[in-house]
Each structure stands twice: as structure tokens, then as C-alpha cells.
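Here is how the chains run, residue by residue.
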Amino acid sequence: MITIPDIIIVGKNEADRILSQLDWREKIRHVCSIGEVQTRRPNGFKQVQGNKLRLEFDDIEREKMLSGYEGCTQEHIDQAVEWCARVAADPQPTLIHCAAGQRRSTAVALLLLATLLGPGQEAQAVAHLHAAVQSTHARKLRAFPHMQPNRRVVWMGDATLGRRGLLFHALIEGFPEGTFRPGFVP
């Protein structure tokens, strides 16, 4: 039987609040902190006992877009997929954050769900992502009502997981029309 852990998807400020509280910090076993290059980790990140990953890249959908902005690279995706495999091996409460809790964090959460559920379950992973965001809202945590997973992260993660475009396609199919900003070309 597949175990889906509690997945909390939030922005940086909420991650600061959660990880600064000892009772929360003791419950969370896996943390993926995503920020821009040279931004600080959330308060309490170092004290979390467990599987931690810090990724630093800008929320853009190309590797290099404008001067000074860096998108995710294959190295970031490899690290994220390895982190997801460690979560899958020990499905405990998990916190994933980026600046707003809307794009990079939801993309990594989707990679995690695809890893947990396995090949052929890409549409289910997207459905679980919707549920994880709704669960975050139910906990009264600050989160955005709209998620727009970073398509570059999902596209590259799909390839790294060997899903042959099925995860990316499920993401596009699983979201209402107009959810994504135009401009991404895989």
C-alpha cells in the first residue's frame, strides 16, 4: 500500500513561522526549501532533524532569461528527485516552500507525488497535488488559492523520472484553461 505523507506547501514567511515553532519542527521530517540565489533559508531550517534540501534558482521557466536570473538546472532537478526518493522511503510529514508557495514548491511537490505513486499514476499525482494544497488551506496556513507549478521544473523532472512526458501532460490536462502564463516551450 502506498503511503502519502502530509505535505505542507507554503511560502517563505509561513515556512519561517512553522519551522520556528518547536512542536512543528519536531513533527516535520522532510523539508525542501526553494529560494532565489543568495536568499536565506527559513528560520528553524538547520534545526529540522531529517531529510533537508535547499535549492536556489529563480522562478523562471528558462535556464537563463534575463541578466541576473537563473532558472533551474539539471543539477537542481537531480537533487530534487533524489530528495523525493528519500521521502518516498520514509513517508513522514513534509514541508515544501518557495517564496510564495505557489510555483516552484508545487512543482517539487508534484515530483514527490509522482515518485510516491509510481509510473502510470501521473494524473493521480496531479489530483493529490490539488488535495495537498486544499489540505494546507484547511490547516489555516497562509497559502495562495491558485497554484501554477513551474513548468520547467515539471518538464525536467518528468524526463528525469523517465515518465516520457506523461507527468507534464497530466499537469496541463489537470488544470483549468488559463491556469498557466503563456511562454513556456519545452
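Small disclaimer: the values here were computed from a predicted structure and weren't measured. (Residues numbered from 1 in each chain as written. Predicted model: local features only at pLDDT ≥ 70, side-chain atom pairs only at ≥ 80, totals over all residues. Heavy atoms only, no water.)

1. A short note on the packing of helix H6 (residues 151–160) against helix H7 (residues 166–173)
- Packing of H6 against H7 leaves a shortest axis separation of 7 Å and a crossing angle of 145°. On the side of H6, the interface is formed by Arg151, Val154, Trp155 and Asp158, while H7 contributes Leu166, Leu167, Phe168, Leu171 and Ile172.
- Residue classes in the contact of H6 with H7 are distributed as 7 nonpolar, no polar and 2 charged. (Axes fitted to C-alpha atoms, helices over the stretch in contact; angles between N-to-C directions. Helix = DSSP H or I, 4+ residues; strand = E, 2+ residues; numbered from the N terminus. Contact = heavy atoms within 4.5 Å. Nonpolar A, V, L, I, M, F, W, Y, C, P; charged D, E, K, R; others polar.)

2. Describing the environment of Lys46
- As for its position among the elements, Lys46 is in the loop between strand E2 (30–35) and strand E3 (51–56).
- Sequence separation between Lys46 and Leu19 is 27 residues; the distance between their C-alpha atoms is 9.4 Å.
- The contacts of Lys46, once residues within four sequence positions are left out, are Arg41 and Lys52.

3. Structural notes on unusual backbone geometry
- Here Gln38, not a glycine, exhibits a phi torsion of approximately 70°, which is positive.
- Its location among the elements puts Gln38 in the loop between E2 and E3.
- Classification of Gln38 by relative accessible area gives exposed; the value is 71%.
- Even without glycine at this site, Arg164 takes up a positive phi of about 55°.
- Looking at the element boundaries, Arg164 is found in the loop between H6 and H7.
- Using a relative accessible area of 73% as the deciding quantity, one classes Arg164 as exposed. (Buried < 20%, exposed > 50% of the residue type's maximum accessible area, 1.4 Å probe, protein only.)

4. Side note on the sheet that holds E3
- Taken together, 4 strands build an open sheet; the order of strands is E1-E4-E2-E3 and the sheet is parallel. Pairing within the sheet leaves two strands with one partner each, and these edge strands are strand E1 (7–11) and E3. The average angle at which neighbouring strand axes cross in this sheet is 10°, direction not considered.
- Pairing between E1 and strand E4 (residues 94–98): 5 bridges, direction parallel. Residue pairing for E4: Gly11 is matched across the bridge by Cys98.
- Each of E2, E3 and E4 touches helix H3 (residues 74–89); the most contacted strand, E3, lies at about 160° to it.
- Running over the sheet, helix H4 (residues 104–117) touches E1, E2 and E4 and is turned about 145° from E4. (Pairing = 2+ DSSP bridges.)

5. Points about the nonpolar core
- Within the largest apolar cluster, 39 residues are counted, with the highest numbers of intra-cluster contacts made by Cys32, Ile34, Trp83, Ile96, Leu110, Leu112 and Val153.
- In terms of residue count, H4 provides more of this core than any other element does, 10 residues in total.
- Contact partners of Ile34, with chain neighbours within four places excluded, come to Arg54, Leu55, Phe57, Ile96, His97, Cys98, Ala99, Arg104, Ser105 and Val108.
- With 11 residues, the next largest nonpolar core counts Ile8, Ala15, Ile28 and Phe45 among its residues. (Core = buried A, V, L, I, M, F, W, Y, C linked by side-chain atoms within 4.5 Å.)

6. Structural notes on the confidence of the model for the chain
- Per-residue pLDDT for the chain averages 86, and the proportion of residues at 70 or more is 84%.
- For the stretch residues 181–186, pLDDT sits under 50, and the model shows 13 contacts to residues farther than four places along the chain or on other chains. (pLDDT = per-residue confidence, 0-100.)

7. With respect to the pattern of salt bridges
- One pass over the structure, following the stated rule, counts 9 salt bridges.
- Of the charged contacts, one joins Glu122 and Arg163 as a salt bridge, the two residues approaching to 3.1 Å between their closest N and O atoms. On the criterion of sequence distance, the pair formed by Glu122 in helix H5 (residues 122–138) and Arg163 in the loop between H6 and H7 is long-range, its members being 41 residues apart.
- Glu122 gets classed as buried once you look at its relative accessible area, which sits at 5%.
- Connected via shared salt-bridge partners are Asp59, Glu61, Arg103 and Arg151. (Salt bridge = Lys/Arg side-chain N within 4 Å of Asp/Glu carboxyl O.)

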